[in-house]
Amino acid sequence: MGKVKIGIIGAGSISQFHIHGYQQLPDVELTAVCDINEERAKLAAEKYGIPHVFTDFNEMLKSVELDGVSVCTWNNAHAPASIAALKAGVNVLCEKPMAMNAGQAEEMLKVSKETGKLLMIGFVKRFEDKTQLVKKLADNGEFGDIYYAKIGYTRRRGNPGGWFSNRELSGGGPLIDLGVHVIDLVRYVMGKPKAVSAYGNTFNKIASRTDIVQTGDYKAASNQGEDINNVEDAAVGVINFDNGATVTLETSWVQHVKEGQTYLELYGSKAGISLEPKVEISGEKDGMMIDWAPVVSFNDDFQTIFDREVAHYVDCIKNGTICRNPAEDGVEVMKILDAVYESAETKKDVKIK
Ligand SMILES: NC(=O)c1ccc[n+]([C@@H]2O[C@H](COP(=O)([O-])OP(=O)(O)OC[C@H]3O[C@@H](n4cnc5c(N)ncnc54)[C@H](O)[C@@H]3O)[C@@H](O)[C@H]2O)c1
């Protein structure tokens, strides 16, 4: 195989992090970029020296030969763009959330199996060194049976703007945007147990006020759809797994919380562990309670983890390496998100198949 030819679908904020990752790899050629906003696609092409520009991903897939694409569009285009690429014989790295709902995600997985092409999901936090360390410790049985976890990703004012709060384009608010990261991480570290039910609630008490100013660092490039805010400000949930474990979840874009937090705490029969915001372990030794933490400085900054994710994707394409983020995991996470949203509407515990 010569150079791996890559196309970018969706040239907004997150695509820059993918592009940087590809640029670090000598065996990759950034061949084409596509955005429904032509100006944005052209800007990316000029800035990064990408020769072919498109405004329609079907045209791109017909016109240029590609080995892989990064799907970095609004959530509503993840399924159509990924399916079109897979059907054209092109591998896909699709941003999180995998799709708008589990039905779409299952269809994407089906097409990936039928075509034999890779569908990798952008669960980028799996590429943090601290995640890999904790995963290794969990797999080695250091924590015993993990029976309970608490996960949260909250922001005081952190709606990224634009399409993010428009349900037609996003599928939901902080639950599908931020919750997805910690739900995936906790499943991953716990050894991917199967979710069997969820109870949840969502709230929309603050963000639809027009005087709320969002102060988060991350901003969508496009302001399309920003006149509509019909998603939740915050969500909570309780998720039960087939191994008897329970996970509690909270997430928000807008909440009167002093400081937003990302936390992920797992409790096992041998030890408890915090993965987020930092790695700390509480256990026992020789009949004593002990706390310990690894003495390493993790290099897990935002760009670095994208560089690792993209390098892994290219390695999978080039060398057939087993994918760390397979589409099956994306489907399972979408089922959990769907169940929490459904429970918020029905006020009932929702079974997950
Ligand atoms: N992994 C992470 O940590 C992380 C962080 C931020 C965003 N994301 C995800 O990345 C995706 C993009 O988010 P963003 O912040 O870059 O948004 P953005 O608005 O900055 O960029 C999205 C781009 O996609 C384009 N687009 C929309 N539909 C398209 C289509 N059918 N064909 C081609 N282009 C299309 C838009 O015009 C826009 O330029 C979202 O799914 C988001 O959830 C992931």
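Just so you know, these numbers come straight off a predicted model, no measurement behind them. (Residues numbered from 1 in each chain as written. Predicted model: local features only at pLDDT ≥ 70, side-chain atom pairs only at ≥ 80, totals over all residues. Heavy atoms only, no water.)

This part is about the overall build of the protein chain. Tallying secondary structure elements over the protein chain gives 10 helices and 15 strands in all. Against the 2.2 N^0.38 benchmark of 20 Å for 353 residues, the protein chain shows a C-alpha radius of gyration of 20 Å, consistent with a compact globule. C-alpha atoms of the protein chain, sized along the principal axes, occupy 65 × 50 × 35 Å. Going through the 353 residues of the protein chain one by one, you find that 56% of them count as buried. The long-range fraction of contacts in the protein chain, counting pairs at least 24 apart against all pairs at least 6 apart in sequence, stands at 74%. Counting every atom, the protein chain has about 15700 Å² of accessible surface; 49% of that belongs to carbon and sulfur. One finds the centroid of the 39 positive side-chain charges in the protein chain at a distance of 2 Å from the centroid of its 49 negative side-chain charges. (Helix = DSSP H or I, 4+ residues; strand = E, 2+ residues; numbered from the N terminus. Rg over C-alpha atoms; globule rule 2.2 N^0.38 Å. Buried < 20%, exposed > 50% of the residue type's maximum accessible area, 1.4 Å probe, protein only. Contact = heavy atoms within 4.5 Å. Areas by Shrake-Rupley, 256 points an atom, 1.4 Å probe, with all protein chains shown as cover. Lys, Arg positive; Asp, Glu negative; His and termini not counted. Charge placed at Lys NZ, Arg CZ, Asp CG, Glu CD.)

At a minimum axis distance of 9 Å, the contact between helix α4 (residues 78-87) and helix α5 (residues 102-115) shows a crossing angle of 10°. Looking at the two axes, α4 sits roughly parallel to α5. Contacts between α4 and α5 involve His78, Ala79, Ser82, Ile83, Leu86 and Lys87 from the former and Gln104, Glu107, Met108, Val111, Ser112 and Thr115 from the latter. Here the contact of α4 with α5 is built from residues that sort into 5 nonpolar, 5 polar and 2 charged. (Axes fitted to C-alpha atoms, helices over the stretch in contact; angles between N-to-C directions. Parallel < 35°, antiparallel > 145°, perpendicular 65-115°, else oblique. Nonpolar A, V, L, I, M, F, W, Y, C, P; charged D, E, K, R; others polar.)

On the secondary structure map, Pro80 appears in helix α4. A sequence separation of 23 residues divides Pro80 from Phe57, and the C-alpha atoms of the two residues are 9.4 Å apart.

Counting across every chain of the model gives 6 aromatic pairs. Arranged with centres 5.6 Å apart and planes meeting at 40°, the rings of Phe17 and Phe306 form a pair that is tilted. Of this pair, Phe17 sits in helix α1 (residues 15-23) while Phe306 sits in helix α9 (residues 302-319), and the two are 289 residues apart along the sequence. A residue is classified by how much of its surface remains accessible, and Phe17, at 22% relative accessible area, is partly exposed. (Phe/Tyr/Trp six-rings, centres within 6.5 Å; stacked < 30°, edge-to-face > 60°.)

What follows covers the site of the ligand. If you check the shell around the ligand, you find 29 residues, and the closest are Asp35, Asn75, Tyr218, Ala221 and Ser222. Here Asp35 contributes a side-chain N or O atom positioned 2.6 Å from an oxygen atom of the ligand. Between a nitrogen atom of the ligand and a side-chain N or O atom of Glu95, the distance comes to 3.1 Å. Considering the ligand on its own, with 860 Å² of exposed area, one finds that the protein chains cover 95% of that surface. Here the shell around the ligand is composed, by residue class, of 16 nonpolar, 9 polar and 4 charged. Two domains each put at least three residues into the shell around the ligand: domain 1 (4-123 + 303-323) and domain 2 (126-299 + 333-351). (Near = heavy atom within 4 Å. Polar contact = N/O pair within 3.5 Å; in protein donor to acceptor, adjacent residues only side chain to side chain. Domains from an automatic or database assignment.)

Tallied over the full model, the rule gives 22 salt bridges. Arg308 serves as the salt-bridge partner of Asp300, at 3.1 Å between the closest nitrogen and oxygen. Each of the salt bridges in this network shares a partner with another, and the network as a whole consists of Arg126, Asp184, Arg187, Lys192 and Asp329. (Salt bridge = Lys/Arg side-chain N within 4 Å of Asp/Glu carboxyl O.)

Let us look at the side chain of Ser197. Structurally, Ser197 can be placed in strand β8 (residues 195-203). Take Ser197: its relative accessible area is 7%, and that puts it in the buried class. Those residues in contact with Ser197 that sit more than four places away from it in its chain are Val238, Ile239, Asn240, Asp349, Val350, Lys351 and Ile352.

Counting residues in hydrophobic clusters, the biggest one holds 85 residues, and the most contacted among them are Met60, Val69, Met98, Leu119, Phe143, Ile183 and Leu266. Each of domain 1 (4-123 + 303-323) and domain 2 (126-299 + 333-351) gives at least three residues to this core. Leave out the neighbours within four places in its chain, and Leu119 touches Ser82, Leu86, Val92, Cys94, Met98, Met108, Leu109, Ser112, Asn325, Pro326 and Ala327. If you look at the next biggest cluster of nonpolar residues, it comprises 29 residues, including Ile19, Val28, Met120 and Phe306. (Core = buried A, V, L, I, M, F, W, Y, C linked by side-chain atoms within 4.5 Å.)

Looking now at the domain arrangement of the protein chain. By domain assignment, the protein chain separates into domain 1 (4-123 + 303-323) and domain 2 (126-299 + 333-351). Computed over C-alpha atoms only, the centres of domain 1 and domain 2 are separated by 25 Å. Contacts between the two partners involve 23 residues from domain 1, matched on the other side by 26 residues from domain 2. Together, Trp74, Phe123 and Arg308 form the three largest contributors to the area buried by domain 1 at its contact with domain 2, with a combined 33%. Seen at the junction of domain 1 and domain 2, the total is 2 salt bridges. (Buried area = accessible area lost by both parts, 1.4 Å probe.)

This next bit is on the sheet that holds strand β4 (residues 68-71). The strands making up a sheet associate through hydrogen bonds between their backbones, and the pairing can be parallel or antiparallel. In spatial order, the strands read β3-β2-β1-β4-β5-β6; together these 6 strands make up an open sheet with parallel pairing. Single-partner strands in this sheet number two, and they are β3 (52-54) and β6 (119-122). Geometrically, the sheet is characterised by an average inter-axis angle of 20° between neighbouring strands, direction not taken into account. Where strand β5 (residues 91-95) and β6 come together, 4 bridges link them in parallel fashion. From the neighbouring strand, Glu95 faces β6, where its bridge partner is Gly122. (Pairing = 2+ DSSP bridges.)

Let us now look at α9. Compared with the 26 Å implied by 1.5 Å per residue over 18 residues, the 26 Å span of α9 between its first and last C-alpha is a close match. For α9, every residue scored as buried is listed here: Gln303, Thr304, Ile305, Phe306, Asp307, Glu309, Val310, His312, Tyr313, Val314, Cys316 and Ile317. Among the structural elements, β1 (4-9), α1, β2 (28-34), β4, β5 and β6 are those in contact with the buried residues of α9. Capping the start of α9 is the job of one residue whose side-chain oxygen sits 3.1 Å from the backbone nitrogen of Gln303: Asp301. Of the residues one or two after α9, Gly320 is the one with positive phi, at around 65°. (Expected span 1.5 Å × (residues − 1).)

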